[in-house]
Structure formats: structure tokens, C-alpha cells
Amino acid sequence: MGRILPRDFYNRETEIVAQEMLGTIIECTTPEGTASAMIVETEAYIGEHDLACHAAAGRTKRTALLYGPPGFSYVYFIYGMHWCFNAVTRAEGMPSAVLVRAAEPVSGKSLMRERRNEMPRDVDLTNGPGKLCEALGIDGAMNGVSLQKKPLVIREGRAVRPDEIETTPRIGISRAVDWPLRYIIRGNPYVSRFPRTSPGKNKQV
DNA sequence: TCGAAGATTGTCT
DNA sequence: GACAATCTTCGAG
């Protein structure tokens, strides 16, 4: 098993952290057991000037974590039914985070499948931020916990070469839609959505 | 206290 | 592709 990523890993430019989190292993332990997956898709949310970032609304009860120290989780509930997992980055006072959007199951696959309503295909277990959290068992109880110890840790995984990383605009947001802050492992079948290839349209399919 | 919007997903056409 | 399900958060009244 790879070593746990140190606190300093997260205390850097959010775009760098987002790219280097590709290929790392997120591992979540609950009373039901442990499940882990290799991260293949991330997005950077980089502060109050980033209108798609929750911190654009300023410091509130909800966003207080983003202003805290790096290396902690930021888990929020969206659309009344899904959890999204982020890793808080940068030094204190810089409200930014990396959203983990998709991963490739590594261990605890049967547990993930059970949580995910017996989805037959592996790719449907973790190819989206809400699915990923459901499969790994991440919920509000994991909000604000350290990523250096159980129940939630991120470990070194496989090395990802720079030419394997593809950069695209972020998904599912309505502001700052053109900012190229989404990073995926090129060609990995577990990413949530593939970049559009046909020119002309500005919408993801 | 109320209303609107949201870093999504699954199902139907 | 389009849309409903569902509820927390936040700002306005």
C-alpha cells in the first residue's frame, strides 16, 4: 500500500494539487468495511474570485472549512440527494479545494456494488461525484475530517505522466463555465464524461 | 419564515 | 436530450 499523502501535499497551488491527485488512492473505512478507488478525474475550485466556487459567496458557516488548513475533507450535500467530496488545499485564508469527480474501484468492490444498488458494471460504481461518495460510503459524517487518518485517507497510487493528463472545462456549473480547471486521466474509462470532440457547441453532452 | 438555486443522477422519450 | 426527485444553504423580508 502506498504511503499516506502528507499535509504539505495539499498546501500548494490548487491546480497543481488537482493534477497530482490523479492516480492516487482514496480509501474509506466504515463499520461495513473498507473500500478504495484510484482517482481519475478532479476539478479545482480556486477561491472567492472563482464564481463557481462555494467560497465566492464569502465566508459562511458552510464554506468555513474552505478557509481552514489544507489536507481536510469538505463534503457537502447537493440536489437533496447526493454528497460530493473535496480535499481542501492551500494555506489558511485561501478558500480553495479539489473536487474528486470520478475514480476506478481498487478494493472493496463488492461493498461498493452493494451500496450502489447492485450496479452490474464496474464503471457505474464510481464514475461521478455523487456515485463515488455513495460507493465509498462518504457522507456528512466525513465532513471536515483529516485526510491523513481513518476513516478517510488518500494514498500514493500510480504515477501519472503529464502527457496522460487532459485538461477541460468544469462540469455541471453555471458560472465561470469556460475555466479549464478539470483534469482527467486521458482515455480512462472511469471518468464521468468525456470531452466533446465535435466543434461548435459549448455544451457538454 | 420564505423562496430560489444548486460542483447530480436515473429514467423516460 | 429532457426532466423530475429532493433538501440544504443562504439571503431577503
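Summarised in this report is the structure supplied together with it. Computed from a prediction, not measured in an experiment: that's the story for all the values here.

**Considerations on the protein's contact with DNA strand B**
Point 1. Around DNA strand B, the structure places 21 residues, and the nearest of them are His-54, Tyr-76, Asn-86, Arg-116 and Gly-130.
Point 2. Restricting the count to atoms of DNA strand B within 4 Å of the protein gives a sugar and phosphate share of 52%.
Point 3. Tyr-76 has a polar side-chain atom sitting 2.8 Å from a base nitrogen of DNA strand B.
Point 4. His-82 has a polar side-chain atom sitting 3.1 Å from a sugar or linking oxygen of DNA strand B.
Point 5. Sorting the residues of the surface near DNA strand B by element identifies β3 (73–78), β4 (82–88), β5 (96–107) and α5 (129–136) as the ones contributing at least two each.
Point 6. Taken together, the residues that form the surface near DNA strand B break down as ten nonpolar, eight polar and three charged.

**A few points about the nonpolar core**
Across soluble globular proteins, nonpolar side chains have a tendency to be buried as a group.
Point 1. Met-21, Ile-26, Phe-85, Ile-138 and Leu-152 are the most contacted members of the largest nonpolar core, which has 45 residues in total.
Point 2. Of all the elements, strand β2 (residues 33–46) adds the most residues to this core, at seven residues.
Point 3. Contacts of Ile-138, omitting those with residues within four sequence positions, involve Ile-26, Cys-28, Val-75, Trp-83, Phe-85, Cys-133 and Leu-152.
Point 4. In terms of nonpolar packing, the next biggest core, distinct from the first, is built from 13 residues, Ala-55, Leu-66, Tyr-67 and Val-88 among them.

Quick notes on the rules
Residues numbered from 1 in each chain as written. Chains lettered and ligands numbered in written order. Predicted model: local features only at pLDDT ≥ 70, side-chain atom pairs only at ≥ 80, totals over all residues. Heavy atoms only, no water. Near = heavy atom within 4 Å. Polar contact = N/O pair within 3.5 Å; in protein donor to acceptor, adjacent residues only side chain to side chain. Helix = DSSP H or I, 4+ residues; strand = E, 2+ residues; numbered from the N terminus. Nonpolar A, V, L, I, M, F, W, Y, C, P; charged D, E, K, R; others polar. Core = buried A, V, L, I, M, F, W, Y, C linked by side-chain atoms within 4.5 Å. Buried < 20%, exposed > 50% of the residue type's maximum accessible area, 1.4 Å probe, protein only. Contact = heavy atoms within 4.5 Å.

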